[in-house]
Structure formats: C-alpha cells, structure tokens
Amino acid sequence: MKLLPLLAFTPALIATGCIADDVMRAEFRTLAECLASIERSTSSTLTIIRDKPEIVTGNLSNGKTFACELKESGTKGTYYEGWYMVD
C-alpha cells in the first residue's frame, strides 16, 4: 500500500453543496486520522455500522451520517476520503 507524503495542508473539512444537507469532506493518510478528525470536528461520538478495511461508515450522535473510504489515485497515491453530513 502506497502512503501519501505529508500533506501540504492541515486536513480541514471542506463544505460542498448537497440537496438537503451539506457534506464536509477531506483527505487523510490513515483511517485512524480520518475517524479522529470527524469525531473532533463534529464533537460527536461515532456509531460504526460498516467496519471494513476499505470503508467505515456510520452515524454521528446527532443523527447525521459519516464515512471514511480508501481511495487510490495516480497522482495522490492511496489515501482515505472522509466526509460527514451537516445541516
């Protein structure tokens, strides 16, 4: 598995538009970093529903959903994309 070099920025979750809710997303070098960042950013506990090495999904304590998914790119290498829903 190829790991990303150190990120040139601090992983900050970026808002993108969605029909009903907004989605906050960012890229991380490890699954642990992805999950910890979502928990810290939302001040919520994570209830994991799907727990696979390539994807972890579940619910936040506020009822919204989250995921961390393994991605691979020619230019970025292997990384985890994390996202969660917000109002």
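Residues numbered from 1 in each chain as written. Predicted model: local features only at pLDDT ≥ 70, side-chain atom pairs only at ≥ 80, totals over all residues. Heavy atoms only, no water.

J.: So what about the side chain of Glu81? Which residues, and what values?
T.: Structurally, Glu81 can be placed in strand E6 (residues 77-86). We classify Glu81 as buried; its relative accessible area is 18%. Polar contacts involving the side chain of Glu81 include one to the side chain of Arg25, which spans 3.3 Å. Those residues within four positions of Glu81 in sequence are excluded, and the remaining contacts are Arg25, Ala26, Cys34, Ala67, Cys68, Glu69 and Lys71. (Helix = DSSP H or I, 4+ residues; strand = E, 2+ residues; numbered from the N terminus. Buried < 20%, exposed > 50% of the residue type's maximum accessible area, 1.4 Å probe, protein only. Polar contact = N/O pair within 3.5 Å; in protein donor to acceptor, adjacent residues only side chain to side chain. Contact = heavy atoms within 4.5 Å.)

J.: Help me get a handle on the pairing of strand E5 (residues 65-73), residues and values and all.
T.: The pairing of strand E4 (residues 55-60) with E5 spans five bridges and is antiparallel. Within E5, the residue paired with Gly58 across the bridge is Phe66. The turn linking E4 back onto E5 is made up of four residues, and Gly63 within it adopts a positive phi angle of 90°. Note that E5 and E6 share eight bridges and pair antiparallel. Bridged to Lys71 within E6 is Tyr79. (Pairing = 2+ DSSP bridges.)

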